[in-house]
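Architecture and fold: a report
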Amino acid sequence: MNREVTLPLIVDDRGNLQVAASDVSKLLRTVGGRWLHLVEAGQEGLDEDTVAALTIELAKLADRIDVACIAHSSGGTSTA
């Protein structure tokens, strides 16, 4: 299953970006890391395999955001 994910940028009425992409990718990685810590701590109701899979997908999305930002800042284009 390969679905394309589109994240709209949050801008104000003057077109200024309100959420930095680096903050979004950091948030995605942080959420995954916290889920893993909960599993390691024995939190009930969390399936280890599911948490691992979701954490991997969040990291992939964060990577795609980072790559797209690097491509944009270097003047290139990205298919991410």
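Counting restarts for each chain: residues are numbered from 1 in the order of the written sequence. For this predicted model, a pLDDT threshold of at least 70 governs which residues receive local features, and a threshold of 80 or more governs which side-chain atom pairs are given and counted, while totals over whole chains, interfaces and linings are taken from all residues. Note: side-chain values were computed over all heavy atoms of the structure, leaving out hydrogens and water.

Here, axes are lines fitted to C-alpha atoms. For helices the fit covers the stretch in contact, and angles between N-to-C directions go from 0 to 180 degrees. Each helix is a run of DSSP H or I of at least 4 residues and each strand a run of E of at least 2, with the numbering of both proceeding from the N terminus. Close contact between helix α1 (residues 21–40) and helix α2 (residues 48–73) brings their axes to 9 Å; oriented N to C, the two are set at 165°. In terms of orientation, α1 and α2 fall into the roughly antiparallel class. Crossing handedness for the pair α1 and α2: left-handed. Basically, the charged four are Asp, Glu, Lys and Arg, the nonpolar ten are Ala, Val, Leu, Ile, Met, Phe, Trp, Tyr, Cys and Pro, and anything else, Gly included, counts as polar. Broken down by class, the residue content of the contact of α1 with α2 amounts to 16 nonpolar, 3 polar and 4 charged. Roughly parallel here means an angle under 35 degrees, roughly antiparallel means over 145, roughly perpendicular means 65 to 115, and every remaining angle is called oblique. Two helices crossing with the near one rotated counterclockwise from the far one by less than a right angle form a left-handed crossing, whereas a clockwise rotation gives a right-handed crossing.

Nonpolar side chains (Val, Leu, Ile, Met, Phe, Trp, Tyr) within 5 Å and like charges within 9 Å form the patches, drawn only from residues with over 30% relative accessible area and no salt bridge. Reported accessibility uses the Shrake-Rupley method at a 1.4 Å probe radius. Residues are deemed covered only where the shown protein chains occlude them. A pair is scored as a salt bridge if a Lys or Arg side-chain nitrogen falls within 4 Å of a carboxyl oxygen belonging to Asp or Glu. Charged residues are defined here as Lys and Arg on the positive side and Asp and Glu on the negative side; His and the ends of the chain fall outside this count. Charge coordinates come from a single atom per side chain, which is NZ of Lys, CZ of Arg, CG of Asp or CD of Glu. Where like charges cluster on the molecular surface, the negative patch consists of Glu40, Asp47, Glu48 and Asp49. Note that Asp47 resides in the loop between α1 and α2. Buried, partly exposed and exposed residues are distinguished by accessible area as a fraction of the type maximum, computed with a 1.4 Å probe on protein chains only: under 20%, between the cut-offs, and over 50%, respectively. You can call Asp47 partly exposed: its relative accessible area is 43%.

For the rest of this paragraph, the subject is the pattern of salt bridges. Tallying each qualifying case throughout the model produces 3 salt bridges. With a shortest N-O distance of 2.6 Å, Arg29 and Asp66 are connected by a salt bridge. Taken together, the residues span a long stretch of sequence, with Arg29 in helix α1 and Asp66 in helix α2 at a distance of 37 residues. A relative accessible area of 35% places Arg29 in the partly exposed class. Taking the shortest distance from any N to any O, the salt bridge between Glu57 and Lys60 comes out at 3.3 Å. Separated by 3 residues within a single helix, Glu57 and Lys60 lie in helix α2, roughly one turn from each other. A relative accessible area of 44% places Glu57 in the partly exposed class. Residue classification places Lys60 among the partly exposed positions, given a relative accessible area of 44%.

In this model α1 runs 29 Å from its N-terminal to its C-terminal C-alpha over 20 residues, within 8% of the 28 Å that 1.5 Å per residue would give. When we look at burial in α1, the residues that qualify are Ser25, Leu28, Gly32 and Val39. Down the axis of α1, the smallest arc covering the buried residues is 60°, so these residues share one side. Across α1 from its buried face, at more than 90 degrees, point the exposed residues Lys26, Leu27, Arg34, His37 and Glu40. Expected helix span is given by 1.5 Å per residue-to-residue step, counting one fewer step than there are residues. The arc in question is traced by the directions running from the helix axis to the C-beta atoms.

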